[in-house]
Amino acid sequence: MGFNCGIVGLPNVGKSTLFNALTETAQAEAANYPFCTIEPNTGRVSVPDERLQRIAKISKSAQEVPAWLEFVDIAGLVRGASKGEGLGNKFLGHIREVAAIVHVLRCFDDGGVTHVEDSVDPIRDAEIVETELMLADLESLEKRIGPMEKRAKSGDKEARAQLPLMQRTLAALQDGQPARTVSVSDDEAPAFRALQLITAKPVLYVCNVDEESAAEGNALSARVAEMAAATGQSCVLVSAAIEAEVAQLGSAEEKAEYLESLGLSETGLARVIRAGYGLLDLITYFTSGPKESRAWTIARGTRAPQAAGVIHTDFEKGFIRAETISYDDFVSLNGEHGAKDAGKMRLEGKEYVVQDGDIMLFRFNV
């Protein structure tokens, strides 16, 4: 799967400012007019994980290599995007390619920053975007369900299996519900993913607040939090203005001092990145030695050979076993040798499901 999140929202809600701060670049032009982002900008960001530093210190590693997430800054959409208004077609094409949606909502008043709807209302804004995405999915399914019904009537087994799923999903969309609300069995999951529906993707709402509200939020962000809780989605508080300032500071000490002066213990971006990681249901395993300690990203439920394949396809093809130590044992027993001596290193085979925090050494033969 692609470990990437698309940053979406109406024009002028702070998407590009957030993206610039995330990637600490100026790839996306942040300008006070709609559609300043025309082609999607992509940036890779490291996933904050204190475990990596502890593992590297114990192993006396020369280098630390974190796990990464990819963020894509997608052009803002407006009402009618599903019918091609604004940059709707481009927007919808790009968003189909990401694994999860980071939906930025403006939760601040500023007369100097225009709003495409002429007023600030994050719930309305969220509904505009969600409606356009559902309309796009509805149109996509309506085009495909007719041919699928014909195939099913002709006896096509695959079509007969997929048709009930498509019909349930279409009914939900027609009822004004996103595709992610449809109950899907494990057996149906591959076919559901193959539909490539935008509203099937998990959503993280990012409340872009003013600097004064960065720590506790405000009335607007509270409404978004209620909406997220009611729909089973996630919500994170960020002040894009603060994040942009932090991104310009040179050292970690300067950044920490600046955040502390604002009553913040960490950046909002660290929360966004961690939430994005959780949104995609990802976990981290580690490899560690004198040269480097590295974090590897895999989907929860991945078995050992497939986890090894993330490093190199030969590791998966020739997988023999995985020498595995849990993070807690690695730390408490001061590394690999201590864990071995205490009998805490396990030899895991092809059916082992990798756990978050495992430190692994793969044995393979090609």
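Let me begin by describing the structure that accompanies this report. Just so we're clear, the structure is a prediction, and the values are computed from it rather than from any experiment. The residue count restarts for each chain, going from 1 along the sequence in the order it is written. Reporting in this predicted model follows two pLDDT cut-offs: at least 70 for local features of residues, and 80 or more for side-chain atom pairs to be given and counted; totals over whole chains, interfaces and linings ignore these cut-offs and use all residues. Excluded from the side-chain calculations are hydrogens and water; all other atoms, namely the structure's heavy atoms, are used.

Let's talk about the overall build of the protein chain
Part 1 of the argument: In this description a helix means any DSSP run of H or I spanning at least four residues, a strand means any run of E spanning at least two, and both kinds are numbered starting from the N terminus. Per the secondary structure count, the protein chain includes 14 helices and twelve strands.
Part 2 of the argument: Note on classification: 1.4 Å probe, protein chains only; a residue is buried when its accessible area is under 20% of the maximum for its type, exposed when over 50%, partly exposed between these limits. Split into buried and exposed, the 366 residues of the protein chain put 49% on the buried side.
Part 3 of the argument: Residue contacts are defined here by distance: any two heavy atoms, one from each residue, within 4.5 Å place the two residues in contact. Excluding contacts between residues fewer than 6 apart, the proportion of contacts in the protein chain whose partners are at least 24 apart in sequence is 68%.
Part 4 of the argument: Counting only carbon and sulfur atoms, one obtains 48% of the accessible surface of the protein chain, whose full area is about 17,700 Å². The Shrake-Rupley method, run with a 1.4 Å probe sphere, supplies the accessible areas, and residue values consider only the shown protein chains as cover.

A short note on the layout of surface pockets
Part 1 of the argument: The space that makes up the largest pocket amounts to roughly 860 Å³.
Part 2 of the argument: What lines the largest pocket is a set of 26 residues, among which Ala-99, Arg-193, Ala-200, Lys-201 and Pro-202 lie closest to the centre.
Part 3 of the argument: If you tally residues by element for the lining of the largest pocket, the top one is helix α6 (residues 189–194), at three residues.
Part 4 of the argument: When the residues that make up the lining of the largest pocket are grouped by side-chain class, the tally is 14 nonpolar, five polar and seven charged.
Part 5 of the argument: A pocket, in this scheme, is an open set of points on a 1 Å grid over the protein atoms alone with protein on both sides within 12 Å along at least 5 of 7 lines, while a cavity is a set where a 1.4 Å probe fits but cannot get out; residues line either one if an atom lies within 4 Å of a point. Grid points are joined across faces, edges and corners, and a volume is the space filled by probe spheres set on the points. Here the second largest pocket is characterised by a volume of approximately 680 Å³.
Part 6 of the argument: Elements supplying a minimum of two residues to the lining of the second largest pocket: α1 (15–23), β2 (41–46), α2 (50–59), α8 (240–248), α9 (252–261) and α10 (268–279).
Part 7 of the argument: Ranked by the residues each element gives to the lining of the second largest pocket, the list is headed by α10, at four residues.
Part 8 of the argument: Class assignment for the residues of the lining of the second largest pocket results in 13 nonpolar, five polar and nine charged. Asp, Glu, Lys and Arg are counted as charged, while Ala, Val, Leu, Ile, Met, Phe, Trp, Tyr, Cys and Pro are counted as nonpolar; the rest, among them Gly, fall into the polar class.

Describing the environment of Gly-43
Part 1 of the argument: For Gly-43, the location among the structural elements is in strand β2.
Part 2 of the argument: You can call Gly-43 buried: its relative accessible area is 8%.
Part 3 of the argument: Separated by 30 residues in the primary sequence, Gly-43 and Asp-73 have C-alpha atoms spaced 8.4 Å apart.

Overview of the sheet that holds strand β5 (residues 100–106)
Part 1 of the argument: For two strands to be treated as a pair, DSSP must find at least two bridges joining them. Across the sheet, six strands lie side by side as β2-β4-β1-β5-β6-β7; this open sheet has mixed pairing. Two strands in the sheet have a free side with no partner beyond their single neighbour: β2 and β7 (234–238). When the angles between neighbouring strand axes are averaged without regard to direction, this sheet yields 25 degrees.
Part 2 of the argument: Across six bridges, β5 lies against strand β6 (residues 203–208) in parallel orientation. Counterpart to Arg-106 in the pairing with β6 is Asn-208.
Part 3 of the argument: Every angle, taken between N-to-C directions, lies between 0 and 180 degrees, and every axis is a line fitted to C-alpha atoms, over only the stretch in contact when it is a helix. Sitting on the sheet, α1 touches β1 (4–8), β2, β4 (68–73), β5, β6 and β7, and the angle it makes with β2 is about 45 degrees.
Part 4 of the argument: This element, α10, spans β1, β2, β4, β5, β6 and β7 of the sheet and lies at about 165 degrees to β7.

Some points on the nonpolar core
As a rule of thumb, nonpolar side chains are buried together in soluble globular proteins.
Part 1 of the argument: Grouped together as the largest cluster of nonpolar side chains are 63 residues, with contacts concentrated most on Leu-69 and Phe-71.
Part 2 of the argument: The element contributing the most residues to this core is helix α4 (residues 122–153), with six residues.
Part 3 of the argument: Residues Leu-141, Ile-145, Leu-195 and Leu-197 belong to the second largest nonpolar core, which totals 16 residues. Residues belong to a common nonpolar core when they are buried Ala, Val, Leu, Ile, Met, Phe, Trp, Tyr or Cys residues joined through side-chain atoms within 4.5 Å.

Some words on empty space enclosed by the protein
A water-sized probe, rolled over the atoms, reveals where empty space remains.
Part 1 of the argument: Tallying each qualifying case throughout the model produces two cavities of 30 Å³ or more.
Part 2 of the argument: In this model, the largest cavity occupies a volume close to 60 Å³.
Part 3 of the argument: Along its surface, the largest cavity is lined by Val-8, Ile-101, His-103, Ala-126, Val-129, Glu-130, Leu-133, Arg-180, Val-203 and Tyr-205.
Part 4 of the argument: Those elements giving two or more residues to the lining of the largest cavity turn out to be β5, α4 and β6.
Part 5 of the argument: Looking at which element gives the most residues to the lining of the largest cavity, the answer is α4, with four residues.
Part 6 of the argument: Among the residues forming the lining of the largest cavity, the class breakdown is seven nonpolar, one polar and two charged.
Part 7 of the argument: Within this model, the second largest cavity holds a volume of roughly 40 Å³.
Part 8 of the argument: Ala-214, Leu-237, Val-238, Ser-239, Glu-243, Leu-264, Glu-266, Thr-267, Gly-268 and Arg-271 are the residues that line the second largest cavity.

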